[in-house]
Amino acid sequence: MDDDPFVSCPYNKVHRVPLSRLQGHIVKCQKNYPELKICPYNATHRYQETEIHRHVKNCVSKEQVFPETTKEDRMADFRRVKCNNESDFIPESDPNHEIWDD
């Protein structure tokens, strides 16, 4: 029967709601409580301004939003970057370059 676990409301830990109804509960509950900052990876994650930076850095939902951005993947992408030579951008080196100054 754990198909829809109960979770605590970020505004009031006494409020326990099914996970599937948490977003609707937050919309109602946020009107009665001080403003909390919203996690950019999961809108149901709400924290005080002093805690939001630490949460965003370690948010478990970040992997779901950006699954390909592990540190190893970012380093591999960095190593694959091709440096462009200045000559690649000189119009004269382009065989299709047209001169319009005649």
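(A) Here's a closer look at the overall build of the chain. Secondary structure assignment for the chain yields four helices and four strands. When the helices and strands of the chain are placed in sequence order, the string is β-β-α-β-β-α-α-α. Evaluated residue by residue, the chain yields a buried proportion of 18% over its 102 residues. Approximately 8,900 Å² of the chain is accessible, and the part contributed by carbon and sulfur atoms is 53%.

(B) Inspection of the side chain of Ser-61 at higher detail. Tracing the backbone shows Ser-61 in the loop between helix 2 (49–58) and helix 3 (62–65). Looking at Ser-61, the relative accessible area reads 5%, which means it is buried. Ignoring sequence-local partners within four residues, the contact set of Ser-61 consists of Tyr-41, Asn-42 and His-45.

(C) Focus on the confidence of the model for the chain. Model confidence for the chain is summarised by a mean pLDDT of 81, while 65% of its residues fall at 70 or above. Summarising per-element confidence for the chain, the mean pLDDT is lowest in helix 4 (residues 71–80) (60) and highest in strand 2 (residues 16–18) (95).

(D) Molecular detail of the nonpolar core. Cys-9, Tyr-11, Val-17, Leu-22, Ile-26, Cys-29 and Leu-36 together form the largest nonpolar core, which totals seven residues. When sequence neighbours within four positions are dropped, the list of residues in contact with Tyr-11 reads Ile-26, Cys-29, Gln-30, Tyr-33, Pro-34, Leu-36 and Arg-46.

(E) Seen up close, helix 1 (residues 22–29). For helix 1, the complete set of buried residues consists of Leu-22, His-25, Ile-26 and Cys-29. Here the buried residues of helix 1 occupy an arc of 100 degrees about the axis, which is enough to place them on one side. Structural note: helix 1 exposes Gln-23 and Lys-28 on the side pointing more than 90 degrees away from its buried face. Buried residues in helix 1 make contact with strand 1 (6–8), strand 2 and strand 4 (46–47).

Criteria and thresholds
- Residues numbered from 1 in each chain as written.
- Predicted model: local features only at pLDDT ≥ 70, side-chain atom pairs only at ≥ 80, totals over all residues.
- Heavy atoms only, no water.
- Helix = DSSP H or I, 4+ residues; strand = E, 2+ residues; numbered from the N terminus.
- Buried < 20%, exposed > 50% of the residue type's maximum accessible area, 1.4 Å probe, protein only.
- Areas by Shrake-Rupley, 256 points an atom, 1.4 Å probe, with all protein chains shown as cover.
- Contact = heavy atoms within 4.5 Å.
- pLDDT = per-residue confidence, 0-100.
- Core = buried A, V, L, I, M, F, W, Y, C linked by side-chain atoms within 4.5 Å.
- Arc of directions from axis to C-beta.

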